[in-house]
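Overview (structure and organization)
Letter by letter, the chains look like this.
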Amino acid sequence: MGATRRYRLAAGVGAAILAASTVTACGSSGGGITVNVYKYPQENFQAIVDNCNAKAGGRYKLVYNKLPREADGQREQMVRRLAAEDDSMDVLGLDVTWTAELAKAGWIKEFPASVRSRIESETLPGPLQTAMYEGKLYGAPDNTNVQLLWYRSDLVPTPPKTWDEMISMAEALVAEGKPGQIVGQGKQYEGLVVLYNTLVSSNGGKILDENGTKAIVDDKAVEALAALKKLATSKAIDPSFSNASEDTARLAMEGGNAAFQLNWPYVYAAAQKKPDFAKNFKWAPFPTLSGDQAKVTVGGINYAVSNYTTHPDESFDAVSCLRNAENQKFAALKDGVPPTIRTVYDEPEMAEAYPMREDIKKTLENASVRPRTPAYQNVSTVISTILSPPASIDPQATADRLRKELQDALDSKGVLP
């Protein structure tokens with residue numbers, strides 16, 4: 001988030017204000033069954049837990065255990081406890097990039113056929129793919145995210161459809177002395193990986209093979225490197241691009257310096273605090289590198305069930321409740337996290353908070369996932385390191401280096417710390 005190692009971003013006006021918290025250990029209560037849920041601090045999640053407890057009718061009690069705010073801290077705590085076969089962990093809220101790692105380690109359960117069929121029938125294709133590993137379902141998508149192209153309609157009456165068109169339009173504005181900059185995520189971190197993966201996928205390229213065991217970085221991926229370099233060296237690029245994250249980009253555009261922004265939908269909610277800016281702040285599908293539609297990298301959270309739970313049936317039942325359409329709509333409206341169930345986007349209440357909902361849904365129908373491999377943490381680090389700064393990319397030489405160092409990362413043994 002998915003982009004700072006799962007940058008949880010809001011798409012609604014009521015965007016989440018997440019409070020930091022520590023994990024609390026919970027066991028069985030009063031002789032009944034306790035199902036422990038471990039998830040990042042989500043402001044209104046306790047109300048969802050309370051709703052599911054009411055529906056459980058005393059068969060079990062869900063307890064919300066708050067993980068640290070940052071994704072790295074979340075992963076570290078879960079990995080350590082799962083490695084110790086901690087049976088107090090039942091339902092786990094996982095970043096979409098962790099599915100392969102934890103499934104390969106044998107730490108999360110495959111979803112049973114009866115639950116899988118329901119999840120597959122109602123979930124949008126992009127988010128669903130993040131919960132799969134080697135053809136098996138290991139997660140139930142809870143919330144998701146994809147980037148859009150944001151632009152100023154007072155400067156750009158008709159938004160660009162392609163990458164080259166966006167750059168050309170921006171450079172023309174700059175040449176006229178207008179605020180035509182393009183802002184996005186060029187810093188050495190997960191956001192840069194997300195941007196590159198979107199370009200590769202949109203161009204029909206591959207970084208890794210389907211099994212996640214061999215580094216490919218094919219000709220289409222080389223073309224994506226050239227496209228990234230073209231942006232980074234454009235006369236319209238934000239001068240701080242190589243150090244920019246999501247909020248750096250948002251603030252630059254709100255400050256009046258940019259005509260285009262590549263970012264997550266949370267920027268819409270933030271923009272509403274500045275009415276003069278918001279009235280010209282519009283959105284469009286992410287510009288494509290080739291073909292009719294970009295394949296934008298999906299983010300978000302999936303619910304998994306620990307392999308060490310002593311209450312698997314109750315845990316799978318709890319997952320079904322926590323991520324059902326009613327609760328996804330509640331989370332979307334209250335905490336600003338985009339749903340993964342397609343029908344939620346059609347709810348009347350979604351219109352005001354998610355005016356861009358049709359573009360989000362359409363993008364999710366054709367979204368891409370980050371490279372699926374148990375070694376994703378190392379893969380991400382290699383990509384962000386080699387691509388930074390983007391202006392220094394030498395497409396073929398950079399591709400050759402990526403291919404070699406990614407293969408070294410893939411050949412490492414065991415689950416990464």
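Relevant structure appears above.
Let me sum up the structure you'll find in this document. Owing to the predicted nature of the structure, the values given are computational and were not obtained by experimental measurement.

Per the counting criterion, the structure on display carries 23 salt bridges. Between Lys-178 and Glu-176 there is a salt bridge whose closest N-O contact spans 3.3 Å. Accessibility expressed as a relative area gives 41% for Lys-178, which makes it partly exposed. According to the relative accessible area criterion, Glu-176 is exposed, its value standing at 52%. Across the pair Glu-210 and Lys-206 runs a salt bridge whose closest N-O atoms are separated by 3.5 Å. Linked by salt bridges that have partners in common, Asp-247, Arg-250, Glu-254 and Lys-274 make up one network.

So, on to the sheet that holds strand β7 (residues 148–152). Strand order in the open sheet formed by four strands is β8-β9-β7-β10, with mixed pairing between adjacent strands. Looking at the sheet topology across the chains shown, the edges are occupied by β8 (181–183) and β10 (281–284). With direction set aside, neighbouring strand axes in the sheet form an average angle of 25°. Two elements, β7 and strand β9 (residues 258–263), share four bridges in a ladder whose sense is antiparallel. Paired with Trp-150 across the bridge in β9 is Gln-261. Sheet contacts for helix α6 (residues 163–175): β7, β8 and β9; angle to β9, the most-contacted strand, approximately 150°.

What counts, and at which threshold
- In this convention, every chain numbers its residues from 1, walking through the sequence in written order.
- pLDDT decides what is reported in this predicted model: residues at 70 or higher carry local features, side-chain atom pairs at 80 or more are listed and counted, and totals for whole chains, interfaces and linings draw on all residues regardless.
- The basis for the side-chain values is all heavy atoms of the structure; hydrogens and waters are excluded.
- By definition, a salt bridge exists where a carboxyl oxygen of Asp or Glu is found within 4 Å of a side-chain nitrogen of Lys or Arg.
- Whether a residue is buried, partly exposed or exposed follows from its accessible area with a 1.4 Å probe, protein chains only, as a fraction of its type maximum: under 20%, in between, or over 50%, in that order.
- Here a strand pair is declared whenever DSSP counts at least two bridges between the two strands.
- Counting from the N terminus, the helices are DSSP H or I runs at least four residues long and the strands are E runs at least two residues long.
- Note on definitions: angles span 0 to 180 degrees between N-to-C directions of axes, and those axes are lines fitted to C-alpha atoms, for helices only across the stretch in contact.
- By the convention used here, residues are in contact when the closest approach between their heavy atoms is within 4.5 Å.

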